[in-house]
Amino acid sequence: MSVPYAQPYPLAHETDEPGDHKDRFRVAIRAGRRNRSLRRLDQAGTGLAHVVRLICQVLDARTVAAYASRYGEPPTGELLTTLCDDGVRVLLPVLGERLARQWAVYEPHHDLVVRAPGRPPEPPGPALDAETVAEADVVLVPALAIDTQGRRIGQGAGWYDRVLPRLRPDQLSVGIVFEPELYDAEVRPLPEERHDARVRAVATPQRWQRTVD
């Protein structure tokens, strides 16, 4: 796996507190995301919708737990529409009190709601409890960076680190990143803390692959 020239790789410091190293990755990757034009984001959304639909578990899925992307993330809007058009039941996260893990069914004809600044868009329908994720055949997971062994750097709230350990072995978790945010674990492994949960596959707008557990 070649390493893109623009791929940031901050080094760890001896004085780091837990999480400091990952925070430097977050700063660098968010800066890179701000430099993508609307045209490139649109292209990424189309590519992502195509790539994810190539995953055999997605093709066979009755229910997919996904998420509504925020500006700068790999766009998921076209993917969500495609899944629904194919008759897939789509679940989106709902952040309850104290970031409680809830879900709601996505309906393309309903506008998503931003309930608080910084929170992702959510369906307006009734919230379902955390155990609803067990109904999903595939769980799509946002990330800032993922390596080829499934290590994931998220936004820092730990929401998916509490969701992923609940998944059964037959449920496929797929982390979503831009191509330069996929790291070769042999030469550029991502930092990992004890509470971090890995994903079982990764998809970019260009390709997807399983990660090595």
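See above for the structure.
Keep in mind the model is a prediction, meaning the values are calculated, not measured. Every chain begins its residue count from 1, and numbering advances along the sequence as written. Side-chain atom pairs in this predicted model are given and counted only at pLDDT of 80 or more, local residue features only at pLDDT of at least 70, and totals for whole chains, interfaces and linings cover all residues. Remark: hydrogens and water are excluded; side-chain values derive from all non-hydrogen atoms of the structure.

Would you mind showing me how to read the overall build of the protein here?
Only DSSP runs of H or I covering at least 4 residues are called helices, and only runs of E covering at least 2 are called strands; the numbering of each starts at the N terminus. When helices and strands are counted, the protein shows five helices and 10 strands. The reference for a compact globule is 2.2 Å times residues^0.38; the radius of gyration itself is calculated from the C-alpha atoms. Taking 213 residues into account, the globule formula puts the C-alpha radius of gyration at 17 Å, and the protein, at 16 Å, falls close to it. Dimensions of the protein, computed from C-alpha atoms along their principal axes, come out at roughly 50 × 35 × 35 Å. Taken over 213 residues, the protein has a buried fraction of 47%. Pairs of residues are marked as contacts when any of their non-hydrogen atoms sit within 4.5 Å. Look at the contacts in the protein between residues 6 or more apart in sequence, and 74% of them connect residues 24 or more apart. Using a 1.4 Å probe, the Shrake-Rupley method yields the accessible areas, and only the shown protein chains count as cover for residues. By element, 52% of the accessible surface of the protein is carried by carbon and sulfur atoms, the whole surface being about 10,800 Å². The distance from the centre of the 28 positive side-chain charges to the centre of the 30 negative ones in the protein is 2 Å. Only protein chains enter the area calculation, which uses a 1.4 Å probe; residues under 20% of their type maximum are buried, those over 50% are exposed, and those in between are partly exposed. When charges are counted, Lys and Arg are positive and Asp and Glu negative, with His and the chain ends excluded. For charged residues, the charge sits on one atom: NZ in Lys, CZ in Arg, CG in Asp, CD in Glu.

How should I be thinking about the pairing of strand S7 (residues 172–176) in this particular structure?
Where a strand is regular, its side chains alternate between the two sheet faces. Within S7, five of the five residues are buried, leaving the element largely enclosed by the surrounding structure. At least two bridges found by DSSP between two strands are what make those strands a pair. One ladder, built from five bridges, connects strand S4 (residues 138–142) with S7; its direction is parallel. Bridging from a neighbouring strand, Leu 140 pairs with Val 174 of S7.

In this structure, what is going on with the packing of aromatic side chains? I would like to understand it.
Geometrically, a pair of aromatic rings is defined through the distance of the ring centres and the angle of the planes. In summary, the pairing rule links any two rings of Phe, Tyr or Trp, Trp by its six-membered ring, whose centres are within 6.5 Å, and it sorts them by plane angle into stacked for under 30 degrees, edge-to-face for over 60 and tilted for everything else. Under the defined criterion, the tally for this structure stands at five aromatic pairs. For the ring pair Trp 103 and Trp 159, a centre distance of 5.4 Å and an interplane angle of 65 degrees mean the geometry is edge-to-face. Placement of the pair is Trp 103 in strand S3 (residues 101–105) and Trp 159 in helix H5 (residues 159–163), with a sequence separation of 56 residues. Just as Trp 103 is buried, Trp 159 falls in that class too. Pairing Trp 159 with Tyr 160 gives two aromatic rings, centres 4.9 Å apart and planes at 70 degrees, and the pair type is edge-to-face. Overall, the relative accessible area of 8% leaves Trp 159 in the buried class. Through a chain of ring-to-ring contacts, three or more aromatic side chains come together here, namely Tyr 9, Phe 25 and Tyr 183. Look at NZ for Lys and CZ for Arg. If either is within 6 Å of the ring centre and within 35 degrees of the ring normal, a charge sits over the ring. Its end group placed over the ring of Phe 178, Arg 36 keeps NZ or CZ at 3.7 Å from the ring centre.

What is the right way to read the side chain of Arg 152 from this model?
By the secondary structure assignment, Arg 152 is in strand S6 (residues 152–153). We define a salt bridge as a contact between a side-chain nitrogen of Lys or Arg and a carboxyl oxygen of Asp or Glu at a distance within 4 Å. Here Arg 152 sits buried without a salt bridge, and the closest side chain of opposite charge, Asp 161, lies 4.0 Å off (N-O distance). Pairs of N or O atoms within 3.5 Å make up the polar contacts considered here, provided that, within protein, one atom can donate a hydrogen while the other can accept it, and that residues adjacent in sequence are counted only when both atoms are side-chain atoms. A polar contact of 2.8 Å, which involves the side chain of Arg 152, links it to the backbone oxygen of Pro 142. Excluding its chain neighbours within four sequence positions, the residues that come into contact with Arg 152 are Val 141, Pro 142, Ala 143, Ala 145, Ile 146, Tyr 160, Asp 161, Ala 197 and Val 199.

Could you clarify how one ought to interpret the sheet that holds S4 in this entry?
In a beta sheet, neighbouring strands pair by backbone hydrogen bonds and run either parallel or antiparallel. Read across the sheet, seven strands follow the order S3-S2-S1-S4-S7-S9-S10 without closing on themselves; strand pairing throughout is mixed. Two strands in the sheet have a free side with no partner beyond their single neighbour: S3 and strand S10 (208–210). Ignoring which end each strand starts from, the neighbouring axes of this sheet average 25 degrees apart. To get an axis, a line is fitted to the C-alpha atoms, and for a helix only the part in contact is used. The angle between two axes follows their N-to-C directions and goes from 0 to 180 degrees. The sheet strands contacting helix H2 (residues 38–52) are S4, S7, strand S9 (201–203) and S10, and the helix crosses S9 at an angle near 145 degrees. On the sheet, helix H4 (residues 77–85) packs against strand S1 (63–65), strand S2 (89–95) and S4 and is oriented at approximately 135 degrees with respect to S2.

What is the right way to read the sheet that holds S6 from this model?
The strand order across the open sheet built from three strands is S6-S5-S8, with neighbouring strands paired in mixed fashion. Only two strands of the sheet have a single partner each, and these edge strands are S6 and strand S8 (182–183). Bridge analysis of strand S5 (residues 145–147) against S6 gives two bridges, and the strand direction is antiparallel. Opposite Ile 146, over in S6, you have Arg 152 as the bridge partner.

Looking at this model, I keep getting lost on H4. Mind explaining?
Owing to its 3.6 residues per turn, the α-helix brings residues three or four apart onto one side. All of the buried residues in H4 are Leu 79, Leu 80, Leu 83 and Cys 84. Buried residues of H4 fall within an arc of 130 degrees about the axis and therefore sit on the same side. Against H2, helix H3 (56–59), S1, S2 and S4 lie the buried residues of H4. Positioned one or two residues after H4, Gly 87 has a phi angle of 85 degrees, which is positive. Each direction from the helix axis to a C-beta atom contributes to the arc, which is the arc of those directions.

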